[in-house]
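# Structural overview for review
Residue strings, one per chain:
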Amino acid sequence: MKDDLSLSQAWLEALKTFEFDAAELAEFERQLSAQVEQHLQASERPGLSNNSKIEQCFYSSELPKQAQSYADYSRLINQAVSGTVNTTRPDFIGHMTSALPAFMPVVQKLMAALNQNNVKLETSGYFTDLERQVLAMLHRCFFSAGRSSEQLDRFYQGHMHQPKQAFGVFCSGGTLANIMALWVARNRLLSKYHLADKGLLGAMSAMAADGYLGLAVLVSERGHYSLSKAADVLGLGRENLIAVAVDDKHRMDMSALREQVAELQNRRIKILALVAVAGATETGSIDPLNEMADLADELNCHLHVDGAWGGAAIFSTQHRNKLAGIERADSITLDAHKQLYVPMGAGMVLFKDPEHVNAIKQHASYIIRSDSKDLGAYTLEGSRPAVSLLLHAGLHLIGSAGYGALVDHSVAMAKAFAELIEASDDFELILQPELNILAYRYCPPADRALLALALADANEAELEKINKRLSAQTVAIQIAQAAATQGFVSRTQLHLPHYGRDPIHVLRVVLANPYTQLKHLQQILAEQREIVAKSI
Ligand SMILES: *Cc1c(COP(=O)(O)O)cnc(C)c1O
């Protein structure tokens, strides 16, 4: 061995960053925490259109060659922190990202310190068991109907740590979870054509001989765009993800669904899966789960429930009945980084039958052995953090009753906001909240009178004209408010058949931040009125 192996100055300096210098690190941490604190406590948020000043800090494309000091880096990163979106604000109610329980960053620090890789037992130890346990706990929440707790204890103890089984899979979010659910469904349906090895093209002629001229997945028009990504990466084709019309509550229209199914069957296209949405991203609506489960039984196809947003309602004794029928799903997507208040990067798919994951099982002799309980055999991702730990912490430190109370409160807050809007004469409630998402727009009495007249006369052209003008105003309000420094709501387009052919723009509100109070909602409306007053 060369004895100058450790003499490079650069190496020695790089090595120093691996060493634990308590005083130096404590100071670095103090500086970063102070920045975060200051940013999150600020009374104003950086308006969304003020980005040009911030952008200038991020134009250099040169690599930093020499190591910087912690102090210099702390100053550098502060520029980025100061321009982040304060998602914890009680008046930030436009998206599904909100405040976190204070213990989450602490637990996340433990995750980083231990640096476990849940791809396999050899790099995660007990964290693999912990992940399997968390998946079993959630599985039991959704799939326990009709069995005694002794039966359930026995069932879950018997299956949760079995090498060839998994109650679900953790992944980075709802998108991956939806892809994984349809991946399992696809491979199960087409296993006899050796699809996983031959690919869709390789398996096509054998499939055609059996009368499958194509495959389709059906979801309502309110389905999340991640399903379209899934159709693309799984080789199904985005056109074969069929968007079915919704009823006036934005739920799957069952007769439209049955018509679509009949039409596809006429064309000898096999229905791979029905996807039911439980808490649609734009509207919060929940599809008729039992009716869709009946149809999936008839068709003998996979039923996936996308519960990325609404699945958390299972913890609420007041609202879980809205998920009736979910226990009949073959798979369920959940997002812990939404209503389970876990930091970004935590999604899950649960499989009713713990054997079904074998449809996507992969081995590699150096890493995932076929007889091991390594979770990496069943994940799309390889190396993977133990985000299950964050949910484990949430389940223990908040508890299912606590999670239920959080859901109850945010649903009550959405209802209160809806009442506030309905009681006003210048805002129009477009969507009653099913859970905690609602939509509305600014629509003063004069416009309401015009709308009512056009509706009474069934005057399509007039209706279209008024809605076009109101839509332009809605967009302008949302942009102006986002650019200002207080409240924030988002906007989307909804097709409302009774309002004409064209979709209308609406303001969208997601109420999940436990700090949001009625006074913040009143303030949001006041700001919007002010924006309108200024623009006239
Ligand atoms: C958020 C969401 C998704 C996607 O989840 P990501 O975590 O953003 O990948 C899928 N479906 C629904 C209904 C969602 O609300």
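No experiment lies behind these values; they were computed from the predicted model shown. (Residues numbered from 1 in each chain as written. Predicted model: local features only at pLDDT ≥ 70, side-chain atom pairs only at ≥ 80, totals over all residues. Heavy atoms only, no water.)

This part takes up the sheet that holds strand β5 (residues 302–306). Here we have seven strands laid out as an open sheet, ordered β1-β7-β6-β5-β4-β2-β3, and mixed in their pairing. Looking at which strands have only one partner, the edges of the open sheet turn out to be β1 (168–171) and β3 (241–244). Taking each pair of neighbouring strands and ignoring which way they run, the sheet shows an average axis angle of 20°. In terms of strand pairing, β5 meets strand β6 (residues 331–335) through three bridges, oriented parallel. Bridge pairing in β6 places D306 opposite T333. Against the sheet, helix α12 (residues 289–299) touches β4 (269–277) and β5, its axis set at about 165° to β4. (Pairing = 2+ DSSP bridges. Helix = DSSP H or I, 4+ residues; strand = E, 2+ residues; numbered from the N terminus. Axes fitted to C-alpha atoms, helices over the stretch in contact; angles between N-to-C directions. Contact = heavy atoms within 4.5 Å.)

So, about the packing of helix α2 (residues 22–41) against helix α4 (residues 70–82). Two measures define how a pair of helices packs: the angle their axes make with one another and the distance between the axes. Taken N-terminus to C-terminus, the directions of α2 and α4 make an angle of 15°; their axes are 10 Å apart at the nearest point. Accordingly, the angle class assigned to the pair α2 and α4 is roughly parallel. Judged by the twist between their axes, the crossing of α2 over α4 is right-handed. On the side of α2, the interface is formed by E24, L25, F28, Q31, L32, Q35 and H39, while α4 contributes Y70, A71, Y73, S74, R75, I77, N78, V81 and S82. For the contact of α2 with α4, the residue count by class is eight nonpolar, six polar and two charged. (Parallel < 35°, antiparallel > 145°, perpendicular 65-115°, else oblique. Left-handed = near helix turned anticlockwise from the far one by under 90°. Nonpolar A, V, L, I, M, F, W, Y, C, P; charged D, E, K, R; others polar.)

Moving on, we come to the layout of surface pockets. The computed volume of the largest pocket comes to approximately 1,500 Å³. Around the largest pocket, the lining comprises 39 residues; the ones closest to its centre are V36, L40, L100, P105 and V106. Mapped by element, the contributors of at least two residues to the lining of the largest pocket are α2, α4 and α5 (103–114). Ranked by residue count, the leading element in the lining of the largest pocket is α2, at twelve residues. (1 Å grid on protein atoms, 1.4 Å probe; cavity = no way out; pocket = protein on both sides within 12 Å on 5 of 7 lines; lining within 4 Å. Points joined across faces, edges and corners; volume = space filled by probe spheres on them.)

Further remarks concern the domain arrangement of the chain. We note that the domain assignment places domain 1 (1–86), domain 2 (166–370) and domain 3 (402–535) within the chain. Of note, the centres of domain 1 and domain 3, computed from C-alpha atoms alone, are 41 Å apart. Facing the six residues of domain 1 at the interface are eight residues of domain 3. Here domain 1 meets domain 3 over a buried area of about 550 Å², counting both sides, of which 40% is carbon and sulfur. In terms of surface lost to domain 3, no three residues of domain 1 exceed E44, R45 and L48, which account for 73% of the buried area on that side. (Domains from an automatic or database assignment. Buried area = accessible area lost by both parts, 1.4 Å probe.)

Moving on: the pattern of salt bridges. Within the structure shown, the criterion is met by 21 salt bridges. A salt bridge links E27 to R30; the nearest nitrogen and oxygen atoms lie 3.0 Å apart. Residue E27 and its partner R30 are both found in helix α2; the two are separated by three residues, about one turn of the helix. The closest approach of N and O atoms between R238 and D232, which form a salt bridge, is 3.1 Å. Given the relative accessible area of 54%, R238 is considered exposed. Take D232: its relative accessible area is 40%, and that puts it in the partly exposed class. When salt bridges with common partners are traced through the structure, they connect D294, D297 and R328 into a single cluster. (Salt bridge = Lys/Arg side-chain N within 4 Å of Asp/Glu carboxyl O. Buried < 20%, exposed > 50% of the residue type's maximum accessible area, 1.4 Å probe, protein only.)

What follows concerns the sheet that holds strand β11 (residues 504–510). Spatially, four strands are ordered β8-β9-β11-β10 in an open sheet, and the strand pairing comes out antiparallel. This sheet does not close on itself; its edge strands, each paired only once, are β8 (427–431) and β10 (490–494). Along the sheet, successive strands turn relative to each other by an average axial angle of 45°, direction set aside. Strands β8, β9 (437–442) and β11 of the sheet are contacted by helix α14 (residues 399–423), whose axis makes an angle of about 20° with β9. Here helix α16 (residues 460–483) sits on the sheet and contacts β9, β10 and β11; the angle it forms with β11, its principal contact strand, is near 40°.

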